[in-house]
Amino acid sequence: KSSHLPKLVPVALCWKAGERSFSIDYKNNCFLRDGKPFQYISGSIHYSRVPRYYWKDRLTKMYMTGLNAIQVYVPWNLHEPVQGTYTFEGDRDLEHFLNLANQTGLFVILRPGPYICAEWDMGGLPAWLLQNPNITLRSADSDYLQAVSNWLAVLLTKMRPWLYQNGGNIITVQVENEYGSYFACDYNYMRHLRTMFRAFLGEDAVLFTTDGNTDKELLCGTLQGLYATIDFGTDTNVTTAFSRLRKFEPYGPLVNSEFYTGWLDHWGDQHASVDTQKVSRMLSDMLSLGANVNMYMFEGGTNFGYWNGADHDTQFRPVVTSYDYNAPLSEAGDPTDKLLAIREVIKNFRDIPLGPIPPASAKMAYGFVNLQKIGNISGLLDTLSPQGPVRSQNLLTFEEMKQSYGFMLYRTLLPRDLPHAISLISPVNGIHDRAYVSVNGVYQGVMERDITLAVNVMGRRADQLDILVENMGRVDFGSKINDQKGLLGNLILGSDVLSDWLIYSLDIDGAIQSGWPQSMRKDIHLFSETDGGEESGPTVYSGTLQLPGPAHDTFIKFNGWMKGQVWINGVNLGRYWPQRGPQQTLYVPGPLLSSSVPNNITILELERAPQHRRVLFMDRPQLSKTTYVFLCTASVTCSTNLRPDY
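The shown structure was predicted, so the numbers you read here are calculated from the model rather than taken from an experiment.

Topic: the sheet that holds strand β20 (residues 434-439)
Reading across the sheet, the six strands line up as β16-β27-β17-β23-β20-β21 and stay open at both edges, with antiparallel pairing between neighbours. At either end of the open sheet lies a strand with only one pairing partner, and these are β16 (390-392) and β21 (442-448). Adjacent strand axes in the sheet meet at a mean angle of 20° when their direction is disregarded. Examined bridge by bridge, strand β17 (residues 407-413) and strand β27 (residues 501-505) share four bridges and lie antiparallel to one another. Paired with L409 across the bridge in β27 is Y504.

Following this line, the structure appears as structure tokens:
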């Protein structure tokens, strides 16, 4: 096996006649499209993180930058949320997305998993798999393989007509994802996937693997019959990385399947950034070698709802709501200086479309919205858990309750008088992931996975102990992706092991999508900012935003709020946590808003609401903690100011 880097092959040597086809020329180290040499310059975009209304806009901007391909993950859990129930409509309409890419002139590198990582909940694997506590994910485990086979039979059947050789725009298809970084290293599993992909996509489909830049990862992640590619960013030597790849794939085109233009943020991190000059310089170096490059990410988007994933190395670290990624297109789809620099590089290697890149979309600062308290979660259970509780002597997980995401409430009674503060403890670090503790409706404090395993509690015998547990997103990478949620193991209060639980599955999203809480009354009056004080514990607030004109993209800021979830017009925008940071605002897509009727805003604040009980709609994002905030006057104008408050 050769470890030398191939030289860029002249076009004349890399040609053969043929019908519509896409293949690998191992002799001349290149891809062939219709018998002619082909080099792709691609960018990653996740349809699951961009509103459907904006798909065409983002794809057009990518095409006008000079890309000739996009790379797309398919999250299994997005399309099979309940076992055996498949959904491909609306924002999940994968074939519509592929069609838009085709109309735009972009080829597609498809990454259907079944595991995708992507900083997405559980790496795209559906949480219902964990209802089997003994399952070994990403392995030849028979239960796992059966679920995978059922899913791939549905997905790959849909994808086959979209292959390039069948008239579509999919040129290559990845099998699994970075499997070499997983502990199992199960070749029988990879062979099973290879057999399935071949059976459904045919022998002519170009199938590939992607792995990190180490021998160990490439050893476990590659398999004969699947073309090996590598991923690395600007902190890596190009020659060294491609030389390592050549040890496993001696001939054929060089491919960097994930060239990192930026990086993700976890709650508590500094906002990540990658230097534009380093990105453009390394991109030029790789293209000069004739390499095929996919930039990860090109448009990051948003982890709407509960879709963010998490890492777990030394401790559990959930990913923030924004997936801006410091990418060439911002979270809101706006071109950046990084995009313009990349475009200048691409000009040196291929003809790019004439004309300007579409500009940034209009943004609007709509000003303040005052919110009214609806009620404490403990007092809203008839609405949020209409099916009532499950009684259990022992604690049950989300998975045992057949709930995948969101929140559950655990209720029991204090076993004795506690005139002085006594510690409520999770001795096995079983808080997955945050627990908000109240006694008779009085907030006691928060417990947090790997960080705060005890909270002091006071009360009298038979007082009601409520523990609201938040699933902060499942681990998406590494050996701990079998990440069960809820309260795992016993809770101990002093010398007592708590038991006899009422466990409520909360369907907050369902209630809000049905019109609650605005439907509670004909007219909800806005809360006066002079009324009341700070209130603690999980509480729902509501208000309305009336637009003064057309709907535009905006950003909602939570100054003084602690942590929670926000919905607008029934759509779950995601989590806010300004106290932990770095993210301070959430992206609100304009198409979500109405210019003709009031827009309903619902907030679940989990810890403590500010006395002013208002949020601010701004015309720009704030993805890092900074002394700068944007002061709004009236309802539509903003100005920069150094004041740390409103």
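Past the structure itself, the notes keep going.
Focus on the pattern of salt bridges
A complete count under the given rule lists 28 salt bridges for this structure. E299 serves as the salt-bridge partner of R58, at 3.3 Å between the closest nitrogen and oxygen. Of this pair, R58 sits in helix α1 (residues 55-65) while E299 sits in strand β11 (residues 292-299), and the two are 241 residues apart along the sequence. What makes R58 buried here is its relative accessible area of 1%. Owing to a relative accessible area of 0%, E299 belongs among the buried residues under this scheme. A salt bridge links R449 to D433, with the nearest nitrogen and oxygen atoms 2.7 Å apart. One end of the pair, R449, is in the loop between β21 and β22 (454-459); the other, D433, is in the loop between β19 (431-432) and β20, and 16 residues separate them in sequence. No difference in accessibility class separates R449 from D433, as the two residues are buried. The structure contains a network of salt bridges with shared partners spanning D57, R58, K61 and E299.

Some thoughts on the environment of F477
On the secondary structure map, F477 appears in the loop between β23 (464-470) and β24 (486-487). Its relative accessible area of 32% is what places F477 among the partly exposed residues. Between the C-alpha atom of F477 and that of V390, which follows or precedes it by 87 residues, the distance is 32 Å. In contact with F477, other than residues within four places in its own chain, are Y115, C117, E178, S181, A310 and D311.

Let's talk about the pairing of β11
In terms of burial, β11 is largely enclosed, as eight of its eight residues are buried. With four bridges joining them, strand β4 (residues 41-45) and β11 adopt parallel strand pairing. Residue pairing in the sheet places I45 in a bridge with E299 of β11. On the question of chirality, the crossover connecting strand β10 (residues 255-260) to the parallel β11 by way of helix α8 (residues 276-288) is right-handed.

A short note on the UniProt feature "domain: Glycoside hydrolase 35 catalytic" (unreviewed entry) in the protein chain
Taking the numbering used here, the UniProt-annotated feature "domain: Glycoside hydrolase 35 catalytic" (unreviewed entry) corresponds to residues 31-348. Annotated as residues 31-348, this span is 31% helix and 18% strand, and its ends, taken at the C-alpha atoms, are 20 Å apart.

Brief notes about the packing of aromatic side chains
A full pass over the atoms with the stated rule returns 33 aromatic pairs. Note on F31 and Y40: the rings are 5.8 Å apart at their centroids and 25° apart in plane angle, and the pair reads as stacked. Since its relative accessible area comes to 3%, F31 is described here as buried. Ring plane angle 55° and centroid distance 5.3 Å describe the contact between Y179 and Y189, whose orientation is recorded as tilted.

What to know about the side chain of N471
Inspection of the secondary structure puts N471 in the loop between β23 and β24. By relative accessible area, which is 2% here, N471 ends up buried. Beyond its immediate chain neighbours, meaning those up to four positions away, N471 contacts F398, S404, Y405, G406, D433, K485 and R575.

Comments concerning the layout of surface pockets
Here the largest pocket defines a volume of roughly 1,100 Å³. Class assignment for the residues of the lining of the largest pocket results in 18 nonpolar, twelve polar and six charged.

A word on the sheet that holds β22
Strand order in the open sheet made by the four strands is β22-β18-β25-β26, with antiparallel pairing throughout. The sheet is open, and its two edges are formed by β22 and β26 (496-497), each paired on a single side. Summarising the sheet, strand β18 (residues 418-425) and β22 pair through five bridges and their orientation is antiparallel. Bridge assignment links S423 to a residue of β22, and that residue is N456.

Points about the state of the cysteines
For the coordinates displayed, the defined rule picks out one disulfide. Note on cysteine connectivity: C185 is disulfide-linked to C220, with sulfurs 2.0 Å apart. Between C185 and C220, the disulfide has an S-S torsion of -95° and is therefore left-handed. With a gap of 35 residues between them, C185 in the loop between β7 (170-174) and α5 (187-201) and C220 in helix α6 (residues 215-221) connect regions that are remote in the sequence. Given the relative accessible area of 22%, C185 is considered partly exposed. Note on C220: relative accessible area 9%, which makes it buried. Free cysteine: C117, not disulfide-bonded; nearest cysteine sulfur from C220 at 17 Å. Residue C117 is classed as buried on the basis of its relative accessible area, which comes to 5%.

Looking at the environment of P126
Secondary-structure assignment places P126 in the loop between β6 (107-111) and α4 (142-159). Along the chain, P126 and P114 lie twelve residues apart, while their C-alpha atoms are 9.8 Å from each other. If we skip the residues at most four places from it in the chain, P126 touches W76, N77 and E80.

Points about α8
The first and last C-alpha atoms of α8 sit 18 Å apart over 13 residues, in line with the 18 Å expected at 1.5 Å per residue. For α8, every residue scored as buried is listed here: V279, S280, M282, L283, M286 and L287. Tucked inside the fold, the buried residues of α8 contact β4, β9 (227-233), α7 (238-248), β10, β11 and α9 (337-346). You can read the cap of α8 off the contacts: a side-chain oxygen lies 3.1 Å from the backbone nitrogen of Q277, and it is on D275. In the stretch just after α8, G290 is the one whose phi turns positive, near 85°.

Conventions adopted
Residues numbered from 1 in each chain as written. Predicted model: local features only at pLDDT ≥ 70, side-chain atom pairs only at ≥ 80, totals over all residues. Heavy atoms only, no water. Pairing = 2+ DSSP bridges. Helix = DSSP H or I, 4+ residues; strand = E, 2+ residues; numbered from the N terminus. Axes fitted to C-alpha atoms, helices over the stretch in contact; angles between N-to-C directions. Salt bridge = Lys/Arg side-chain N within 4 Å of Asp/Glu carboxyl O. Buried < 20%, exposed > 50% of the residue type's maximum accessible area, 1.4 Å probe, protein only. Contact = heavy atoms within 4.5 Å. Right-handed = clockwise from strand over helix to strand, strands pointing away. UniProt positions renumbered as here; feature names shortened; annotations may be inferred. Phe/Tyr/Trp six-rings, centres within 6.5 Å; stacked < 30°, edge-to-face > 60°. 1 Å grid on protein atoms, 1.4 Å probe; cavity = no way out; pocket = protein on both sides within 12 Å on 5 of 7 lines; lining within 4 Å. Points joined across faces, edges and corners; volume = space filled by probe spheres on them. Nonpolar A, V, L, I, M, F, W, Y, C, P; charged D, E, K, R; others polar. Disulfide = S-S within 2.5 Å. Expected span 1.5 Å × (residues − 1). Polar contact = N/O pair within 3.5 Å; in protein donor to acceptor, adjacent residues only side chain to side chain.

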